[in-house]
Amino acid sequence: MTEERCCVSGGGVIWITGLSGSGKSTLAGEVVRRLREQGKVAVLLDGDELRDALGRSDLGSVNHGRDARLELALRYGRLCRLVASQGVLVVIATISLFHEVHAWNREHLPEYFEVYLDVPLAELRRRDPKGIYSRFDAGELDNVAGLDLPVDEPENPDWVAQFMPGRSVAELADELFNHL
Ligand SMILES: Nc1ncnc2c1ncn2[C@@H]1O[C@H](COP(=O)(O)OS(=O)(=O)O)[C@@H](OP(=O)(O)O)[C@H]1O
Ligand SMILES: Nc1ncnc2c1ncn2[C@@H]1O[C@H](COP(=O)(O)OP(=O)(O)O)[C@@H](O)[C@H]1O
């Protein structure tokens, strides 16, 4: 049943990965806006909101360790499969930088497009809108992806957006649509 629905649905998954501050949410929002403008049914799943919905324990705590992130990302993959199987284009923006996640997605998501926002740490530290990197430096935070939490760069992403100073989100979205 699931397989059948997947194949006839017309849905798909655009998975935008990158470290914290790389611009995932910003790009995902622009992509969803454009898809809807084209009349497509698109849903945005953003890491922060997903984590709030699915990543809290019943006591309200969150865990950013490797095992917890991996488990959560695999759960997100199954959620994406379910939603995409109903003809919806899912745009998901999460860090999810583990080979296990990329491999699972490729094997189980019929229409899967993986985007990697490759932004150097110096630029991420400069942006740091949530204070993730400065709090790490101050010893107030651990399990920061790319710092004390090792990550896997995607091995064969469908598109890598290398950081270029001044490249706007509109330009990134134009390029992404060219690659889709
Ligand atoms: N170590 C640590 N401590 C506290 N908060 C943290 C930490 N690491 C990440 N974050 C925040 O979690 C946001 C969601 O991360 P993700 O779900 O995308 O990460 S993951 O897929 O689970 O690896 C993530 O969102 P983005 O900054 O948008 O990537 C961060 O706001
Ligand atoms: N292409 C870009 N160039 C420069 N700054 C950007 C770009 N995209 C996003 N930003 C800025 O970087 C910061 C992090 O963006 P965000 O989309 O929240 O990243 P993430 O979801 O990966 O944590 C924000 O302040 C945002 O305005």
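Residues numbered from 1 in each chain as written. Chains lettered and ligands numbered in written order. Predicted model: local features only at pLDDT ≥ 70, side-chain atom pairs only at ≥ 80, totals over all residues. Heavy atoms only, no water.

1. Quick look at the overall build of the protein
Logical step 1: Helix and strand content of the protein: 8 helices and 5 strands.
Logical step 2: Listing the helices and strands of the protein from first to last along the sequence gives α-β-α-β-α-α-β-α-β-α-α-β-α.
Logical step 3: For the protein, the spread of C-alpha atoms along the principal axes amounts to about 50 × 40 × 25 Å.
Logical step 4: For the protein, with 180 residues in total, the buried portion stands at 43%.
Logical step 5: With an accessible surface of roughly 9500 Å², the protein has 51% of that area assigned to carbon and sulfur atoms.
Logical step 6: When the 20 basic and 29 acidic side-chain charges of the protein are each reduced to a single mean position, those positions are 4 Å apart. (Helix = DSSP H or I, 4+ residues; strand = E, 2+ residues; numbered from the N terminus. Buried < 20%, exposed > 50% of the residue type's maximum accessible area, 1.4 Å probe, protein only. Areas by Shrake-Rupley, 256 points an atom, 1.4 Å probe, with all protein chains shown as cover. Lys, Arg positive; Asp, Glu negative; His and termini not counted. Charge placed at Lys NZ, Arg CZ, Asp CG, Glu CD.)

2. Overview of the confidence of the model for the protein
Logical step 1: Looking at the protein as a whole, its pLDDT mean stands at 92, while 93% of the residues score no less than 70.
Logical step 2: Across residues 1-8, confidence stays below pLDDT 50; counting only partners more than four residues off in sequence or on other chains, it has 5 contacts. (pLDDT = per-residue confidence, 0-100. Contact = heavy atoms within 4.5 Å.)

3. Topic: the site of ligand 1
Logical step 1: The environment of ligand 1 is made up of 15 residues, and the closest members are Ser20, Arg51, Lys130, Asp142 and Asn143.
Logical step 2: Between ligand 1 and the protein, one listed contact pairs an oxygen atom with a side-chain N or O atom of Lys130 at 2.7 Å.
Logical step 3: Considering ligand 1 on its own, with 620 Å² of exposed area, one finds that the protein chains cover 90% of that surface.
Logical step 4: Here the shell around ligand 1 is composed, by residue class, of 4 nonpolar, 5 polar and 6 charged. (Near = heavy atom within 4 Å. Polar contact = N/O pair within 3.5 Å; in protein donor to acceptor, adjacent residues only side chain to side chain. Nonpolar A, V, L, I, M, F, W, Y, C, P; charged D, E, K, R; others polar.)

4. Notes on the sheet that holds strand S2 (residues 42-46)
Logical step 1: The strand order across the open sheet built from 5 strands is S2-S3-S1-S4-S5, with neighbouring strands paired in parallel fashion. The outermost strands of the open sheet, each flanked by one partner alone, are S2 and strand S5 (159-162). Between one strand axis and the next, the sheet turns through 15° on average, direction left out of account.
Logical step 2: Here strand S1 (residues 12-18) runs beside strand S4 (residues 112-118); their pairing, made up of 6 bridges, is parallel. Across the sheet, residue Gly18 finds its bridge partner in S4, namely Leu117.
Logical step 3: Running at roughly 155° to S4, helix H5 (residues 99-108) makes contact with S1 and S4 of the sheet.
Logical step 4: Contacts from helix H8 (residues 169-179) reach S4 and S5, with the element oriented near 160° to S5. (Pairing = 2+ DSSP bridges. Axes fitted to C-alpha atoms, helices over the stretch in contact; angles between N-to-C directions.)

5. What to know about the site of ligand 2
Logical step 1: Every residue close to ligand 2 is listed here: Leu19, Ser20, Gly21, Ser22, Gly23, Lys24, Ser25, Thr26, Arg127, Pro129, Arg167 and Leu172.
Logical step 2: One of the side-chain nitrogen or oxygen atoms of Thr26 is found 2.5 Å away from an oxygen atom of ligand 2.
Logical step 3: Calculation on ligand 2 without its partners gives an accessible area of 560 Å², and the protein chains cover 71% of this total.
Logical step 4: Looking at the shell around ligand 2 element by element, the count peaks at 3 residues for helix H2 (residues 24-37).
Logical step 5: Classifying every residue of the shell around ligand 2 gives 3 nonpolar, 6 polar and 3 charged.

6. Topic: the packing of helix H4 (residues 66-84) against H5
In helix packing, the relevant descriptors are the interaxial angle and the interaxial distance, both defined with respect to the helix axes.
Logical step 1: Taken N-terminus to C-terminus, the directions of H4 and H5 make an angle of 15°; their axes are 10 Å apart at the nearest point. Looking at the two axes, H4 sits roughly parallel to H5. Two packed elements cross with a definite hand, and for H4 against H5 that hand is right-handed. Along its contact with H4, which presents Arg66, Leu70, Ala73, Leu74, Gly77, Arg78 and Arg81, the element H5 presents Glu100, Val101, Trp104, Asn105 and His108. (Parallel < 35°, antiparallel > 145°, perpendicular 65-115°, else oblique. Left-handed = near helix turned anticlockwise from the far one by under 90°.)

7. Some points on unusual backbone geometry
Most peptide bonds take the trans form, and the phi angle of most residues other than glycine is negative.
Logical step 1: A positive phi is found at Asp128, a non-glycine position, where the angle reads about 30°.
Logical step 2: Looking at the element boundaries, Asp128 is found in the loop between helix H6 (121-127) and helix H7 (132-137).

8. A short note on the nonpolar core
Logical step 1: By size, the foremost hydrophobic cluster in this structure holds 28 residues, and its most contacted members are Val13, Trp15, Cys80, Val90, Ile92 and Leu109.
Logical step 2: Ignoring anything within four residues of it in the chain, the contact list for Val90 reads Gly12, Val13, Ile14, Val43, Leu45, Cys80, Val83 and Ala84.
Logical step 3: Of all hydrophobic cores here, the second largest spans 19 residues; its members include Ala42, Leu89, Ala173 and Leu176. (Core = buried A, V, L, I, M, F, W, Y, C linked by side-chain atoms within 4.5 Å.)

9. Observations regarding the packing of helix H3 (residues 47-54) against H4
Logical step 1: Direction vectors running N to C along H3 and H4 enclose 100°, while the axes themselves pass 11 Å from each other. By the angle between their directions, the pair H3 and H4 is classed as roughly perpendicular. On H4, the residues touching Gly47, Leu50, Arg51 and Leu54 of H3 are Arg69, Leu72, Arg75, Tyr76 and Leu79.

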